[in-house]
Amino acid sequence: MRTIAALAGLAVGYALAGQRRRREGRRAVLSKTVGPHLAAAIHRRKVQQVARQLREHKSGRPISLRKRAVAHQVPKAGDLRRRDEKVDISDLNAILHVDPLKQVCVAEPGVTFVDLVAATLRYGLVPLVVPELKTITIGGAVSGCSIESMSYKVGGFHDTCVEYEVIDAKGRVITCGPDDLLFQMIHGSFGTLGILSKLTFRLTPAKRFVRVKYEHYRTLEEYRAAIVDHYQRQDVDFMDGIIHSPRHYVLSVADFVDEAPYANRYDWVKVYYQSTARRAEDYLETPDYFFRYDRGVTNVHPKSAIGRLLLAKFLGSSQALRAAEKLNWLLKKEQPTIILDVFLPISKMPEFLEWYGREFRHFPLWCVPYRRPRDYEWVAPDVFSRSPDALWVDLAIYGMKQRGDRNYHKLMEQKLRELGGIKTLISHNYYTPDEFWQTWNRENYFEVKALTDPDNVFRDLYTKTCKAAMGVGSA
Ligand SMILES: Cc1cc2nc3c(=O)[nH]c(=O)nc-3n(C[C@H](O)[C@H](O)[C@H](O)COP(=O)(O)OP(=O)(O)OC[C@H]3O[C@@H](n4cnc5c(N)ncnc54)[C@H](O)[C@@H]3O)c2cc1C
């Protein structure tokens, strides 16, 4: 019996050590372990392998990507992309270099934010924008649309990038920077303009803890005024919030601090967004702050205390999304549950929320103030001429059941066109081509597309996100 126990102990110890080694490997900085020349050579080899797959693609079937981390797209019934030919980029997941003096990092697109934060924190630095879910990747953050509570200062993660390496559909490797249209258009292109193979982005100094203060407001006017005030004063490191109901608005403003009287974690029984309704203040270790919503932003499963006690430790966002994708045949094609987020000029927030409270009546909402640092090239020019605000807010709805036979997604698309807002494309999209290109910039998009994917092997943005993802068309 003792021998069996000892063997079992050894096996568990070996497995845990293996897991720890793998985790540490993912968090290592390649130029530090093998030197800058070998790191560059290893990266070049991986890029050539991806480029070769593209050059050898002859079947005419559309291509999408196979990466190691789970995709943070709303899982959709009948998504044609499941049947696409895959280009395997799962090896592109190394942190190539951290320069602590220049405060920049160079990394491959498959690096997840949880690994990135662990690696850069060793230098006392973190990315300027860390999306709230652990396994969002840096490539996905640029190609999709990732934001977080530092966005009120800097915009999206893509706004903190200074250079991309892109492999185009013909396998050519292109380096581009902020002055190039390709660089500006790759954000939100959902893999339709090329494959990001290397990103260079800025870092910022961090401290060990984050202190969060919760400001509670009873009216939208007070809430909006508080957001604008912090934005104008730039007086906190982080700002986001939860709109619990039309009578309870919470603004969570936070700062890095060196010391903390305690440190809370929200990765098991306690639910972060619920805590914001009750607390005046909180302290978290910095990585726990960044990933405080990893168990679900406002749509946390399991919901019951006993369910959370038994299961929540093992059910992060990755596991939930992977399970939904595996069981995709169970997903509803008609009236799918609503998970979406919208960008709105802050001046339109009252009109939007008045309408939303009448038509949707679904709370809580996650609210992320967002500074728009430029007139983005990927947005149709008319949008910014109608809504010149520099401060926008991202409002996210998670898990609303649609009522009756109304299509609430379509309703939202219509309202946003009216108000000059933008819906991100990760959710169910019902736009017609005309409606779509009223918001996205057709001219700039196809100018780049003609150069990087003239034979349309990645599909175009409209077809990929509004047709193929929705199960419309041929695979
Ligand atoms: C349930 C849910 C919750 C979310 N919560 C948050 C949140 O809290 N904070 C936040 O900021 N965002 C959130 N998002 C949005 C998320 O940031 C974006 O969907 C982001 O694009 C996901 O990145 P990913 O690494 O999972 O990429 P994926 O989902 O795998 O990919 C996104 C798109 O980018 C393309 N792509 C991926 N890698 C590359 C590459 N190397 N080159 C070219 N194209 C590429 C893919 O083909 C795909 O079209 C959420 C999304 C969902 C579905």
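What you see as residue numbers is a count from 1 along each chain, following the sequence as written. Restriction of local features to residues with pLDDT of at least 70 applies here, the model being predicted, together with a cutoff of 80 or more for giving and counting side-chain atom pairs; totals for whole chains, interfaces and linings are based on all residues.

Colleague: Outline the overall build of the chain, supporting the account with residue identities and numerical values.
Modeller: Scanning the chain from terminus to terminus reveals 18 helices and 16 strands. Against the 2.2 N^0.38 benchmark of 23 Å for 475 residues, the chain shows a C-alpha radius of gyration of 22 Å, consistent with a compact globule. The burial label depends on the number of other C-beta atoms within 10 Å of a residue's C-beta. Counts of 20 or more mean buried, 12 or fewer mean exposed, and intermediate counts mean partly exposed, with C-beta atoms placed from the backbone. In the chain, buried positions account for 44% of the 475 residues. In the chain, 73% of the contacts between residues at least 6 apart in sequence involve partners at least 24 apart. The helix and strand labels rest on DSSP assignments: H or I over at least four residues marks a helix, E over at least two residues marks a strand, and numbering proceeds from the N terminus. As defined in this context, the radius of gyration uses C-alpha atoms, and a globule is described by 2.2 Å times the residue total to the power 0.38. Our contact criterion uses C-beta atoms placed from the backbone: two residues qualify when those atoms are within 7 Å.

Colleague: Account for the site of the ligand, with residues named and values stated.
Modeller: By definition, a residue lies near a molecule or strand when the C-beta atom built from its backbone is within 6 Å of it. Residues in contact with the ligand amount to 32 residues; listed here are only the nearest, Gly139, Gly140, Ser143, Gly144 and Gly191. At the level of secondary structure, the elements contributing two or more residues to the shell around the ligand comprise β1 (63-66), α5 (138-143) and β8 (195-205). Take the shell around the ligand: its biggest share by element is four residues, from α5. Side-chain classes follow a simple rule in which Ala, Val, Leu, Ile, Met, Phe, Trp, Tyr, Cys and Pro form the nonpolar group, Asp, Glu, Lys and Arg form the charged group, and the remainder, Gly included, forms the polar group. Split into classes, the residues belonging to the shell around the ligand amount to 19 nonpolar, ten polar and three charged.

Colleague: Residue-level account of the environment of Cys367, with values.
Modeller: Mapped onto the elements of the fold, Cys367 is located in strand β14 (residues 365-371). Judged by the 23 C-beta atoms lying within 10 Å of it, Cys367 is buried. Apart from residues lying up to four places away in sequence, Cys367 is in contact with Asp240, Gly241, Ile242, Ile243, Val393 and Leu395.

Colleague: How would you explain the pairing of β14 if you had to name every residue and give the values?
Modeller: Taken across its seven residues, β14 has six buried, putting it largely inside the fold. A pair of strands counts as paired when DSSP detects no fewer than two bridges linking them. Taken together, the three bridges between strand β10 (residues 238-245) and β14 define a ladder with antiparallel strand orientation. Bridge pairing in β14 places Ile242 opposite Trp366. Judged from the six bridges that link them, β14 and strand β15 (residues 391-400) form a sheet pairing that is antiparallel. Residue Cys367 lies in a different strand from β15, and its bridge partner there is Leu395.

Colleague: Tell me about the nonpolar core, and name the residues and values.
Modeller: The term nonpolar core refers to a group of buried residues, namely Ala, Val, Leu, Ile, Met, Phe, Trp, Tyr and Cys, whose C-beta atoms join them within 7 Å. Core analysis: the largest hydrophobic core is formed by 115 residues, its most contacted members being Ile95, Ala107 and Ile186. Top element by residues in this core is β15. It accounts for six residues. Setting aside residues up to four positions removed in sequence, Ile95 forms contacts with Val29, Leu30, Cys105, Ala107, Val111, Leu116 and Ala119.

Colleague: Help me get a handle on the pairing of strand β4 (residues 104-107), residues and values and all.
Modeller: The pairing of strand β3 (residues 95-99) with β4 spans four bridges and is antiparallel. Each residue of the ladder has a partner; that of Val98, found in β4, is Cys105. Here β3 hands over to β4 after four residues, with Gln103 in that stretch at a positive phi of 60°. Across four bridges, the pairing between β4 and β8 is antiparallel. What sits directly across from Cys105, in β8, is Phe201.

Colleague: Which residues make up the sheet that holds β10, and what values go with them?
Modeller: To summarise the sheet geometry, strands pair through backbone hydrogen bonds and adopt either a parallel or an antiparallel arrangement. Strands sit in the order β12-β9-β11-β10-β14-β15-β13-β16 across an open sheet of eight strands; the sheet is antiparallel. The open sheet has two edge strands, β12 (281-285) and β16 (422-423), and neither has a second partner. Of the strands in this sheet, β9 (209-217), β10, β11 (248-257), β14 and β15 are in contact with helix α8 (residues 220-233), which crosses β11 at around 20°. All axes are obtained by fitting lines to C-alpha atoms, using only the stretch in contact for helices, and the reported angles, taken between N-to-C directions, cover 0 to 180 degrees.

Colleague: Could you give me a rundown of helix α3 (residues 36-55), with the residues and numbers involved?
Modeller: To estimate how far a helix should extend, the number of its residues minus one is multiplied by 1.5 Å. For α3, built from 20 residues, the straight-helix expectation of 28 Å at 1.5 Å per residue is met to within 8% by its first-to-last C-alpha distance of 28 Å. Here α3 has its buried residues at Ala39, His43, Val47, Val50 and Leu54. The buried residues of α3 occupy one face: seen down the axis, they fall within an arc of 60°. Projecting away from the buried face of α3 at angles above 90 degrees are the exposed residues His37, Leu38, Ala41, Arg45, Arg52 and Arg55. The directions considered for the arc run from the helix axis to the C-beta atoms.

Colleague: Which residues make up the environment of Asn407, and what values go with them?
Modeller: Within the fold, Asn407 resides in the loop between β15 and α15 (408-419). Using a count of 15 C-beta atoms within 10 Å as the deciding quantity, one classes Asn407 as partly exposed. Separated by 71 residues in sequence, Asn407 and Pro336 place their C-alpha atoms 9.2 Å apart.

Colleague: Mind laying out the confidence of the model for the chain, listing which residues take part and the relevant values?
Modeller: Per-residue confidence from the predictor is reported as pLDDT, a score between 0 and 100. On average, the chain scores 93 in pLDDT, and the residues at 70 or more come to 94%. Confidence drops under a pLDDT of 50 for residues 3-16, and excluding neighbours within four residues, the segment shows zero contacts in the predicted structure.

Colleague: Mind laying out unusual backbone geometry, listing which residues take part and the relevant values?
Modeller: Following His301, the chain continues into Pro302 via a peptide bond in cis, with omega recorded as -10°. Topologically, Pro302 is positioned in the loop between α10 (286-290) and α11 (305-311). Phi at Phe190 takes a positive value of approximately 50°, unusual for a residue other than glycine. Mapped onto the elements, Phe190 comes out in the loop between α7 (181-186) and β8. Positive phi is not limited to glycine here, since Asn456 has a value of about 60°. Within the secondary structure, Asn456 sits in the loop between α17 (442-452) and α18 (461-467).

Colleague: So what's going on with the environment of Leu419? Residues and values would help.
Modeller: Here Leu419 shows up in helix α15. The exposure class of Leu419 is partly exposed, given the 19 C-beta atoms found within 10 Å. For the pair Leu419 and Met349, spaced 70 residues apart in sequence, the C-alpha to C-alpha distance is 9.5 Å. Residues within four places of Leu419 in sequence aside, it is in contact with Leu344, Lys348, Glu351 and Phe352.

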